[in-house]
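Each chain is listed here by its residues.
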Amino acid sequence: MKRLGLLLVGVAFCSSMMMAHAQEESGQLLPTLLPLNVIPKPLRVAVVVNKPSVKVTIGGTNEIRGLEGEPLFIENKGSFHGTMKATQYGIQINQTFAQVRKLELKSNEGKIAVNGRLYTGTFIVYVDPGKGLTFVHDVSVEEYLRGVLPLEVNPRWPVEALKAQAVVARTFALFKAIEKKDQPYMLTDKVTSQVYGGELYRQKATDEAVRLTQGEVLTYQNQIIPAYFHANCGGRTEKADEVWPVVPNPVLQGVVCLYCKGLKHSSWSLSLPLKDIEKVMQKRGYPAKNLSGLLFEDFDLSGRSRKVRLKYPYGEAVIKADDFRSFIGNDRLKSLKVQVTVKEGVAHFKGKGWGHGIGFCQWGAKGQAAQGRNYREILLFYFPGSEIMRL
Ligand SMILES: [Zn+2]
């Protein structure tokens, strides 16, 4: 379960950073409701982003074609196996060079392996000459979820917790799909979106959870919501617009959750020498010599800190707690529901929960399912006022 927590904390950090950047660029709050009338199909999921060299296997008769008018330049009658590289002018596929910016990979068997991971369907490859290749998998949302759930949740958990996670993951993916419908891809396979491993990671129990909730998403006023999730809320979930530059949404206001209490990640501690924190801060460009103490401040209703005060012999610096957490590492400073004491040059952190705390608390969902609550009850608990709609 260590992996689970690590992945989810990644979601917390990266999403918040991306949101912060998006807001800086646009100066506007990001939406928390999107209309469901145009759902782009299929999902476009980047499984490789801007890498100079990628190993590819295409099963059976296959096609590698240039798109946007470039002529067909390779066709294999047997299986294709080789390396694709970004060159100064385009792409090298084994010993063949082509000046193209976009390719399509197709297989009559439908099986394509990219860097050893197996997928079904079609890939679009974007070529950035001299830099890298981006591989985008065209996949239906239901197939995608079968490759997500086993990596985001423990398949041995009670089925109602798995079903709740399936609805959350579907809602999150489709919200992103609508939000980014005009971009080359809507999601990556990393923690910044949801972890997606393709076919080899599928598990019977999680496949079943996807099937039993097929097409179901969380909505508010007939619009889809961004169904954020995290590992363990530590007793109370967070109000989304308290942390991120997003439009306030009644279903993302935070709730008291006692179901994760005593379960994994509900409390944690960490000891770090101040010298180590100095090093981290210096790396990020903060003058941080002779750090003598630190303090979390500005706690919100959910008990999470918004600011960290760093103390030096010559003065103090205050930085965003979110930034501080990411500098130290979201897998080490697991949440901002935290207090710190400094003794003999060592900072001792004591905290609750793991992740940003917004939306769905995974361990809480497990706790609720263990008490006999069904997935609908669990979802409406974490997203009060929302509805479950079948698309
Ligand atoms: Zn919880």
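Here the structure is a predicted model, which means the values were calculated and not measured. Starting from 1, residues in each chain are numbered consecutively following that chain's sequence as written. Restriction of local features to residues with pLDDT of at least 70 applies here, the model being predicted, together with a cutoff of 80 or more for giving and counting side-chain atom pairs; totals for whole chains, interfaces and linings are based on all residues.

Visitor: Quick question: what am I supposed to make of the nonpolar core here?
Guide: Proteins that are soluble and globular tend to have nonpolar side chains buried together. Connectivity within a nonpolar core runs through C-beta atoms within 7 Å, and the core itself is a set of buried Ala, Val, Leu, Ile, Met, Phe, Trp, Tyr and Cys residues. A residue is called partly exposed when the number of other C-beta atoms within 10 Å of its own lies between 12 and 20, exposed at 12 or fewer, and buried at 20 or more, with C-beta atoms placed from the backbone. One finds V45 and F135 to be the most contacted residues of the largest nonpolar core, which totals 86 residues. Secondary structure counts use DSSP, requiring at least four H or I residues in a row for a helix and at least two E residues in a row for a strand, with both numbered from the N terminus. Among the elements that line this core, the one with the most residues is helix α3 (residues 159-179), at 12 residues. The split of the chain into domains comes from an automatic or database domain assignment. Looking at which domains feed residues into this core, each of domain 1 (2-8 + 32-38 + 141-262 + 356-390) and domain 2 (43-139) supplies at least three. This entry defines residue contacts through backbone-placed C-beta atoms, with two residues in contact when those atoms are within 7 Å. Sequence-distant contacts of F135, defined by excluding residues within four places in its chain, comprise A46, V47, V48, V54, V114, F123 and V125. Among the nonpolar cores identified, the runner-up in size contains 14 residues, and L274, I277, V308 and A321 belong to it.

Visitor: Can you help me understand helix α8 (residues 362-370) in this one?
Guide: Residues that lie three or four places apart on an α-helix share one face, since the helix turns once every 3.6 residues. Within α8, 8 of the 9 residues are buried, which leaves the element mostly enclosed by the surrounding structure. Those residues of α8 that fall on the buried side of the exposure criterion are Q362, W363, G364, A365, K366, G367, Q368 and A369. Buried-residue contacts for α8 involve α3, β17 (229-230), β24 (360-361) and α9 (375-382). Directly beyond the C-terminal end of α8, a positive phi value near 95 degrees is found at G372.

Visitor: How do you make sense of the sheet that holds strand β16 (residues 223-224) when you look at a structure like this?
Guide: Working definition: the strands of a sheet are paired by backbone hydrogen bonds and lie parallel or antiparallel to each other. With respect to topology, 4 strands assemble into an open sheet ordered β1-β16-β15-β25, the strand pairing being antiparallel. The sheet is open, and its two borders are formed by β1 (34-35) and β25 (387-390), each paired with just one other strand. At least two DSSP bridges between two strands are needed for those strands to be called paired. Bridging between strand β15 (residues 216-220) and β25 involves 4 bridges; their strand directions are antiparallel. Note that in β25 the partner of L218 across the bridge is I388.

Visitor: Explanation requested: the packing of α3 against helix α4 (residues 204-212) in the structure shown.
Guide: Between two packed helices, the angle of one axis relative to the other and the distance separating the axes together describe the packing. An axis is simply a line fitted to the C-alpha atoms; with a helix, the fit covers only the stretch in contact. Between two such axes, the angle follows the N-to-C directions and lies from 0 to 180 degrees. Their axes nearest at 8 Å, the elements α3 and α4 cross at an angle of 60 degrees. One element, α3, and the other, α4, form an angle in the oblique class. Taken as a pair, α3 and α4 cross one another with a handedness that is right-handed. Taking contact as the criterion, the partners of V159, L162, K163, Q165 and A166 in α3 are, on α4, A205, T206, A209, V210 and L212. For this classification, Asp, Glu, Lys and Arg are treated as charged, while Ala, Val, Leu, Ile, Met, Phe, Trp, Tyr, Cys and Pro are nonpolar and the rest, including Gly, are polar. Residue classes in the contact of α3 with α4 are distributed as 7 nonpolar, 2 polar and 1 charged. Any angle that is under 35 degrees is reported as roughly parallel, and any over 145 degrees as roughly antiparallel; angles of 65 to 115 degrees are reported as roughly perpendicular and all others as oblique. Should the near helix be turned counterclockwise from the far one by less than a right angle, the crossing is left-handed, whereas a clockwise turn marks it as right-handed.

Visitor: Help me understand α4, please; the structure alone is not making it clear to me.
Guide: All of the buried residues in α4 are T206, A209 and V210. Considered in projection along α4, the buried side chains sweep an arc of 100 degrees and stay on one side of the axis. On its buried face, α4 is in contact with α2 (141-152) and α3. What the arc covers is the set of directions going from the helix axis to the C-beta atoms.

Visitor: Explanation requested: unusual backbone geometry in the structure shown.
Guide: Most peptide bonds take the trans configuration, and most residues that are not glycine carry a negative phi. With an omega dihedral of -10 degrees, the bond running from K41 to P42 counts as a cis peptide bond. For P42, the position within the fold is in the loop between β1 and β2 (43-51). In this structure, N115 takes a positive phi of about 50 degrees despite not being glycine. For N115, the location among the structural elements is in the loop between β10 (111-114) and β11 (117-120). On the neighbour-count criterion, N115 (13 C-beta atoms within 10 Å) is partly exposed. In this structure, E344 takes a positive phi of about 50 degrees despite not being glycine. Structurally, E344 is set in the loop between β22 (338-343) and β23 (346-351). Classification of E344 by C-beta neighbours within 10 Å gives exposed; the count is 6.

Visitor: How should I be thinking about the confidence of the model for the protein in this particular structure?
Guide: Keep in mind that low pLDDT regions are not for reading the predicted coordinates in detail. What pLDDT reports is the predictor's confidence in each residue, on a scale of 0 through 100. Counting all residues, the mean pLDDT for the protein is 89, and 91% of those residues have values of 70 or more. Below pLDDT 50 for its whole length, residues 1-25 participates in 51 contacts with residues either more than four positions away or in separate chains.

Visitor: Sorry if this is basic, but what is going on with the sheet that holds strand β21 (residues 315-320) here?
Guide: Across the sheet, 3 strands lie side by side as β19-β20-β21; this open sheet has antiparallel pairing. With partners counted over all chains shown, the strands left at the sheet margins are β19 (293-299) and β21, one partner each. On average, each strand axis in the sheet is tilted by 25 degrees relative to the strand beside it, whichever way the strands run. Across 6 bridges, the pairing between strand β20 (residues 305-312) and β21 is antiparallel. Residue pairing across strands places K307 opposite K320, the latter belonging to β21. Across the sheet, helix α7 (residues 321-328) lies against β19, β20 and β21, angled at about 90 degrees from β21, the strand it touches most.

Visitor: Could you clarify how one ought to interpret the environment of G254 in this entry?
Guide: Tracing the chain through its elements places G254 in the loop between α5 (240-243) and β18 (268-273). Setting aside residues up to four positions removed in sequence, G254 forms contacts with R236, T237, E238, K239 and S302.

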